[in-house]
Amino acid sequence: MGKFVISKRTNGEYQFNLKADNGQVILTSEGYSSKAGCENGISSVKTNSQDDSKFERKTSSNGKPYFNLKASNGQIIGTSEMYESTSGRDNGIASVKSNAASTEDLS
């Protein structure tokens, strides 16, 4: 079972990581000015991660595949790590879908 972990950045912003059951970070949020905003972002991940069209599959300038998860308004909710292959990226998307749907309480 995955879990969302909220932390505070050195600049005072809040962010969350979605971690798979093995503890690996599979999605990292943008910065939020308040914890409540961060918690709303988590709710948005839970909702939008179940819609494949919300995943934007990208390739970085160094050729590594990654993805963004977008909200209904087109805003990026979270970004993945860089993967070595497109199949790795696709597995990451599948992991976000399953882990976001079955997360533990916020920590």
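Our subject is the structure that appears above.
Residues numbered from 1 in each chain as written. Predicted model: local features only at pLDDT ≥ 70, side-chain atom pairs only at ≥ 80, totals over all residues. Heavy atoms only, no water.

Some details on the side chain of Ser80
Keep this limit in mind: Every helix listed is a DSSP run of H or I at least four residues long, and every strand listed is a run of E at least two residues long, numbered separately from the N terminus. Exposure categories follow from relative accessible area, calculated using a 1.4 Å probe and restricted to protein chains: below 20% of the type maximum is buried, above 50% is exposed, and the middle band is partly exposed. What qualifies as a polar contact is a pair of N or O atoms within 3.5 Å, subject to a donor-acceptor requirement within protein and to the restriction that residues adjacent in sequence count only when both atoms come from side chains. Whether two residues touch is decided by their heavy atoms; if any such pair falls within 4.5 Å, the residues are in contact.
On the secondary structure map, Ser80 appears in the loop between β6 (76-79) and α2 (86-101). Note on Ser80: relative accessible area 9%, which makes it buried. At 2.9 Å, the side chain of Ser80 and the backbone nitrogen of Phe67 are in polar contact. Sequence-distant contacts of Ser80, defined by excluding residues within four places in its chain, comprise Ile26, Leu27, Tyr66 and Phe67.

Some thoughts on the sheet that holds strand β2 (residues 14-19)
Paired through backbone hydrogen bonds, the strands of a sheet run either parallel or antiparallel to each other. The condition is simple: Between any two strands, pairing holds if DSSP finds at least two bridges. Whenever a helix is involved, its axis is fitted only over the stretch in contact; in every case the axis is a line through C-alpha atoms, and angles between N-to-C directions fall within 0 to 180 degrees.
What the six strands build is an open sheet, ordered β1-β2-β3-β6-β5-β4; its pairing is antiparallel. Each end of this open sheet is capped by a strand with a single partner; those strands are β1 (3-8) and β4 (55-59). Here the average twist between neighbouring strands, direction ignored, is 30°. Examined bridge by bridge, strand β5 (residues 65-70) and β6 share three bridges and lie antiparallel to one another. Looking at β6, one finds that Lys70 is bridged to Ile76. Contacts from α2 reach β1, β2, β3 (25-29), β4 and β5, with the element oriented near 155° to β4.

Focus: the pattern of salt bridges
To be explicit about the condition: Salt bridges, as used here, are contacts in which a Lys or Arg side-chain nitrogen is within 4 Å of a carboxyl oxygen on Asp or Glu.
Taken as a whole and judged by the stated rule, the model has eight salt bridges. The salt bridge partner of Lys64 is Glu84, with a shortest N-O separation of 2.5 Å. Taken together, the residues span a long stretch of sequence, with Lys64 in the loop between β4 and β5 and Glu84 in the loop between β6 and α2 at a distance of 20 residues. For Glu84, a relative accessible area of 69% corresponds to the exposed category. Here Arg89 makes a salt bridge to Asp90, at a shortest N to O gap of 3.9 Å. Under the relative-accessibility criterion, Arg89 is labelled buried at 8%. The class for Asp90 is partly exposed, based on a relative accessible area of 35%.

With respect to the environment of Thr10
Along the polypeptide, Thr10 turns up in the loop between β1 and β2. A relative accessible area of 90% places Thr10 in the exposed class. As a C-alpha pair, Thr10 and Leu27 span 17 residues in sequence and 19 Å in three-dimensional space.

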